[in-house]
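For reference, the chains in residue letters:
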Amino acid sequence: MAFLFDFENTLINVVSPTTEFTCQELIDAIRTAEVTGEGIQYSKIADASGKESLGGGVAVGITVELLGNWQVKFWEGNYIAKITGGNLVGGPAGDPVAYSAGVQTLLIQSAAGTITTISTGSGLSESQDETLTAISNNVGTIKTDTEFIKDIEGGKWTIVNDQMVFFKADNMTEIARFDLYDADGNATMTNVMSRERL
Amino acid sequence: MSQLFIGNTGAGIIIDPSPGSAKLMPFGTISYGKVRQPTDPFFYANIELQNIITGTRYWIAQASDLSNVLASGTASGTTVNLSSIPAYANPMLIEVRLRSASGEPKYKPYKTYGYLVKSGVTVYCAQVLDTVAN
């Protein structure tokens, strides 16, 4: 969990080792915290706007406004903290980030921020395209395994020289060969108790 | 010596004019009743929340004293009926908070008010979709 909410002190504590988060991640966590049994006893933490579609896979950027005295506070340490993916505003005296010893915070804001969905040529978003690729790869594997099972069940098999050989439906193309063993682990063709694929 | 006497049907002072005798001087009929304490509710009434999104967490408190929570819970349907809610003013302004962000779709935090009177109060909710939070 990247955030811990201190309702008494109106602080959104960023938990180590998180050093960077997006405005989308922040507002998602805020809404989840507000709906808890503890959160509903307090006024809402933030307002958010943006994500209106501008067409062509472009949307208005996100702005998260922390209400009242709410601030984000990073864990103490010597590092550069980043808040990206939109505008974070609000807080006491317009300062949405509380002081943390040793931490330098990069807060990049834009009056015309946008969200652009990267096209992969398939007409799908990048994440959708990745998902489709993964599914396609799995289908290929399933197809290969299914064909093997079909061949095992649909073709000739024979036992010769202490081995069992399976063929495709053409009864000619070998697809698998197994060594046969008896209960003592000796090669056999008669008292077969186990097989090992070659 | 005179003594105060209180019985089932009356009260008075027993006068002892002379040793071995007594005479009751009645006050008359005394009625007994329950007195409302300053911290007791003025009355009890019902609260109804209508058009609430199923699964929404609700929280209701006295608006002038938010530490006085009147009711809280999760809506199992689109209407929530709360009975025998104590009212400490007549009428009493209540604050209603609704939060729904656990499932899909998500809704923005919602707050509204109503006056609780002896006949109750009905709050019609108008939660707004949250188009920013995922």
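To keep things clear, this report deals only with the structure shown in the data block. (Residues numbered from 1 in each chain as written. Chains lettered and ligands numbered in written order. Predicted model: local features only at pLDDT ≥ 70, side-chain atom pairs only at ≥ 80, totals over all residues. Heavy atoms only, no water.)

Quick look at the pattern of salt bridges now. All names here are of chain A. Within this structure, the stated rule accounts for six salt bridges over all chains. For the salt bridge of Asp 47 with Lys 44, the shortest nitrogen-to-oxygen distance reads 2.7 Å. For Glu 174, the salt bridge goes to Arg 177, with nearest N and O atoms at 2.8 Å. Taking relative accessible area as the criterion, Arg 177 reaches 26% and is therefore assigned partly exposed. (Salt bridge = Lys/Arg side-chain N within 4 Å of Asp/Glu carboxyl O. Buried < 20%, exposed > 50% of the residue type's maximum accessible area, 1.4 Å probe, protein only.)

This part covers the interface of chain A and chain B. Facing the 19 residues of chain A at the interface are 14 residues of chain B. Summed over both partners, the interface of chain A with chain B comes to about 1,500 Å²; 55% of that surface belongs to carbon and sulfur atoms. It is Arg 31, Val 35 and Ile 40 of chain A in chain A that bury the most area against chain B; as a group they hold 44% of the surface buried on that side. At the junction of chain A and chain B, the tally comes to one salt bridge. The residue Arg 31 of chain A makes a salt bridge to Asp 130 of chain B at a minimum N-O spacing of 2.9 Å. For the pair chain A and chain B, the number of links is eleven residue pairs in polar contact (both at pLDDT 80 or more). When residues of the side of chain A that touches chain B are traced back to their parent elements, those giving at least two are helix 1 (23-34) and strand 4 (46-49) of chain A. Classifying every residue of the side of chain A that touches chain B by side-chain character gives six nonpolar, eight polar and five charged. (Contact = heavy atoms within 4.5 Å. Buried area = accessible area lost by both parts, 1.4 Å probe. Polar contact = N/O pair within 3.5 Å; in protein donor to acceptor, adjacent residues only side chain to side chain. Helix = DSSP H or I, 4+ residues; strand = E, 2+ residues; numbered from the N terminus. Nonpolar A, V, L, I, M, F, W, Y, C, P; charged D, E, K, R; others polar.)

Attention now goes to helix 1 of chain A. Along an α-helix, residues three or four positions apart point the same way, because every turn accommodates 3.6 residues. All names here are of chain A. Over its twelve residues, helix 1 runs 16 Å from end to end, which matches the ideal 16 Å to within 8%, given 1.5 Å per residue. With ten of twelve residues buried, helix 1 is to be regarded as a mostly interior element. Within helix 1, burial applies to Cys 23, Gln 24, Leu 26, Ile 27, Asp 28, Ala 29, Ile 30, Arg 31, Ala 33 and Glu 34. (Expected span 1.5 Å × (residues − 1).)

So, about the nonpolar core. If you look at the biggest cluster of nonpolar residues, it comprises 28 residues, and the most contacted ones within it are Phe 5, Ile 12, Ile 30 and Phe 74 of chain A. Tallying contributions element by element places helix 1 of chain A first for this core, with six residues. With residues near it in sequence (within four places) discarded, Ile 12 of chain A still touches Phe 3, Leu 4, Phe 5, Leu 26, Ile 30, Ile 45, Leu 66, Trp 70, Gln 71, Val 72 and Lys 73 of chain A. Core analysis: the second largest hydrophobic core is formed by 23 residues, Leu 82, Ile 85, Ile 94 and Cys 125 of chain B among them. (Core = buried A, V, L, I, M, F, W, Y, C linked by side-chain atoms within 4.5 Å.)

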